[in-house]
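# Structure at a glance
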Amino acid sequence: MLIGQGLLKQLGVRVRRHLARKTCAIISDSNIALFFADRVTKSLASGGFQSALITIPAGEKSKTLEQAGAICDQMIAAGLDRQSFVIGLGGGVIGDISGFVAAIYHRGIPHVQIPTTLLAMVDSSIGGKTGVNTRDGKNLLGAIHHPLLVIDDVDVLRTLPRREFNQGFAEIIKHAVIADAKMFQTLQSWKAGEALALQKLIKRNIQIKSKIVAKDERDQSGERAVLNFGHTVGHAIERAGGYRKFLHGEALSLGIIAACDISTKRVGLPPDQRDAIVDLLRRFQLPTSLPRNFPRKKIFDAVKFDKKFEGGKVRFIVTPRIGTARVSGDVTMKDVREAIEAL
Ligand SMILES: NC(=O)c1ccc[n+]([C@@H]2O[C@H](COP(=O)([O-])OP(=O)(O)OC[C@H]3O[C@@H](n4cnc5c(N)ncnc54)[C@H](O)[C@@H]3O)[C@@H](O)[C@H]2O)c1
Ligand SMILES: [Zn+2]
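Residues numbered from 1 in each chain as written. Chains lettered and ligands numbered in written order. Predicted model: local features only at pLDDT ≥ 70, side-chain atom pairs only at ≥ 80, totals over all residues. Heavy atoms only, no water.

### Brief notes about the coordination of the zinc ion (ligand 2)
Donor atoms from the polypeptide that coordinate the zinc ion (ligand 2) comprise Glu171 (OE), His231 (NE2) and His248 (NE2), at 2.0 to 2.1 Å from the metal. If you list the donors of the zinc ion (ligand 2) from N- to C-terminus, the spacing comes out as E-x59-H-x16-H. One end of the pair, Glu171, is in helix α6 (residues 162–179); the other, His231, is in helix α9 (residues 231–240), with 60 residues separating them in the sequence. Neither residue differs from the other here; Glu171 and His231 are each classed as buried. (Donors = N, O, S within 2.8 Å, 3.2 Å for Na, K, Ca; no water. Helix = DSSP H or I, 4+ residues; strand = E, 2+ residues; numbered from the N terminus. Buried < 20%, exposed > 50% of the residue type's maximum accessible area, 1.4 Å probe, protein only.)

### Considerations on the nonpolar core
Most often, soluble globular proteins keep nonpolar side chains buried together rather than apart. Of all hydrophobic cores here, the largest spans 91 residues; its most connected members are Leu118, Leu157, Phe169, Leu187, Ile237 and Val336. No other element matches helix α10 (residues 248–267), which puts 10 residues into this core. In this structure, Val336 is in contact with Val233, Ile262, Phe300, Val303, Val314, Phe316 and Val331, ignoring residues within four places of it in sequence. In this structure, Ile71, Cys72, Met75 and Val86 belong to the second largest nonpolar core, which totals 18 residues. (Core = buried A, V, L, I, M, F, W, Y, C linked by side-chain atoms within 4.5 Å. Contact = heavy atoms within 4.5 Å.)

### Concerning the site of ligand 1
Close to ligand 1 lie 27 residues; Asp29, Glu60, Thr116, Thr117 and Thr159 are nearest. Within the backbone of Val156, an N or O atom sits 2.9 Å from a nitrogen atom of ligand 1. Considering ligand 1 on its own, with 870 Å² of exposed area, one finds that the protein chains cover 87% of that surface. Those elements giving two or more residues to the shell around ligand 1 turn out to be α2 (30–46), α4 (92–104), α5 (118–124), β7 (137–144) and α6. Ranked by the residues each element gives to the shell around ligand 1, the list is headed by α2, at 4 residues. (Near = heavy atom within 4 Å. Polar contact = N/O pair within 3.5 Å; in protein donor to acceptor, adjacent residues only side chain to side chain. Areas by Shrake-Rupley, 256 points an atom, 1.4 Å probe, with all protein chains shown as cover.)

### Brief notes about the sheet that holds strand β5 (residues 111–115)
Within the open sheet, the 6 strands sit side by side as β1-β8-β5-β4-β2-β3. Their pairing is parallel. The strands lining the two open edges of the sheet, one partner per strand, are β1 (2–4) and β3 (50–56). When the angles between neighbouring strand axes are averaged without regard to direction, this sheet yields 15°. Relative to strand β8 (residues 149–153), β5 runs parallel, the two being bridged by 2 bridges. (Pairing = 2+ DSSP bridges. Axes fitted to C-alpha atoms, helices over the stretch in contact; angles between N-to-C directions.)

### Remarks on the side chain of His231
Given the relative accessible area of 8%, His231 is considered buried. Every residue in contact with His231, bar those within four places of it in the chain, is listed here: Glu171, Lys174, His248 and Leu252.

### Side note on the packing of aromatic side chains
Per the stated rule, a full pass over the model turns up 6 aromatic pairs. Each ring, one from Phe35 and one from Phe36, has its centre 5.7 Å from the other, and the planes form 40°; the classification is tilted. You can call Phe35 partly exposed: its relative accessible area is 46%. Phe36 sits in the buried class, given a relative accessible area of 5%. Among the aromatic residues, those joined into a cluster by ring pairs are Phe165, Phe169, Trp190 and Phe284. (Phe/Tyr/Trp six-rings, centres within 6.5 Å; stacked < 30°, edge-to-face > 60°.)

### Structural notes on the packing of α10 against helix α13 (residues 333–341)
Following both chains from N to C, one finds α10 and α13 inclined at 130°, their axes separated by 9 Å at the closest point. Overall, the two elements α10 and α13 adopt an arrangement that is oblique. The element α10 and its partner α13 pack so that their crossing is right-handed. In contact with Ala258, Ile262, Lys265 and Arg266 of α10, α13 contributes Asp335, Val336, Glu338 and Ala339. Here the residues of the contact of α10 with α13 are counted per class, giving 4 nonpolar, no polar and 4 charged. (Parallel < 35°, antiparallel > 145°, perpendicular 65-115°, else oblique. Left-handed = near helix turned anticlockwise from the far one by under 90°. Nonpolar A, V, L, I, M, F, W, Y, C, P; charged D, E, K, R; others polar.)

In structure tokens form, the structure reads like this:
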């Protein structure tokens, strides 16, 4: 894991220290390739690598099995083999699909990730989950395939649209609430534009997620579940908005507020802490209330679609105080409905 500035230019030499291979595919999307593909290709050449650039249309719609297959076909046509490797240059969409391709190509070749969104740096590039969507749902197909190397060059974030940048903070605030009260305070006095502070923040978020994932890599013992804080209602809002109205981090912001309201009711999260969380989300220009005419029922229906309510209760992540989180089995459908209605 490398975090810094100007790292894209040093990519070739940096990767050379980890890989004695010669050929690779650079998988990227149509937006990102325009900004960075040249720099990446040149730097790889200077490290003695031969690369084939493969770009796919930007956006979640590209995260499909068909697209993964088409990428594999292009890799075969470019003569890449078992001795090659994959570089994923992009946000979470590219990280997920390029990782998936690396997991299945010749039964698995190394994956190097160069995240280009804040969300990808603090969340999707950590934990080894890769995959694609199907007609029926997100991330239904996939594999665990940890990247060999992740290179976070904060300079690439300069071209990221503001809304995309801010949505990364929803996951960062989530990490603070579930695991790090001190980071929560740091965020309360956050000043934009300080590159070193941003690097430190990214590093801390990687540590938090890695530590949680390490305890429960395959998402089985339940420890990884705390990372889903805010996501039950967040995902439902994304779905209810047809995946167009809200970005993931924006829907998560609202989901965090719903989870806080439920936490206040069920496990005694102090109301002033709940308010501090809402203020912090607002500080990063994340939504803190739903548009008045947004159909709440659609959200609730989506929660029911997503979650199994057993005997009227659901497993739900709650926070008793900022810096901690756990699973609760006591949250009821009524709690969830009321929290959604209050948004
Ligand atoms: N594997 C995991 O553990 C995990 C975790 C969280 C999210 N995800 C996945 O991540 C995806 C969302 O990732 P995302 O939010 O990064 O979306 P994204 O990859 O679609 O990127 C968002 C947009 O920003 C553009 N962009 C990216 N970097 C840019 C840059 N530096 N400059 C200018 N434009 C840039 C992209 O072209 C795209 O249009 C979802 O598919 C989600 O399922 C995976
Ligand atoms: Zn998320």
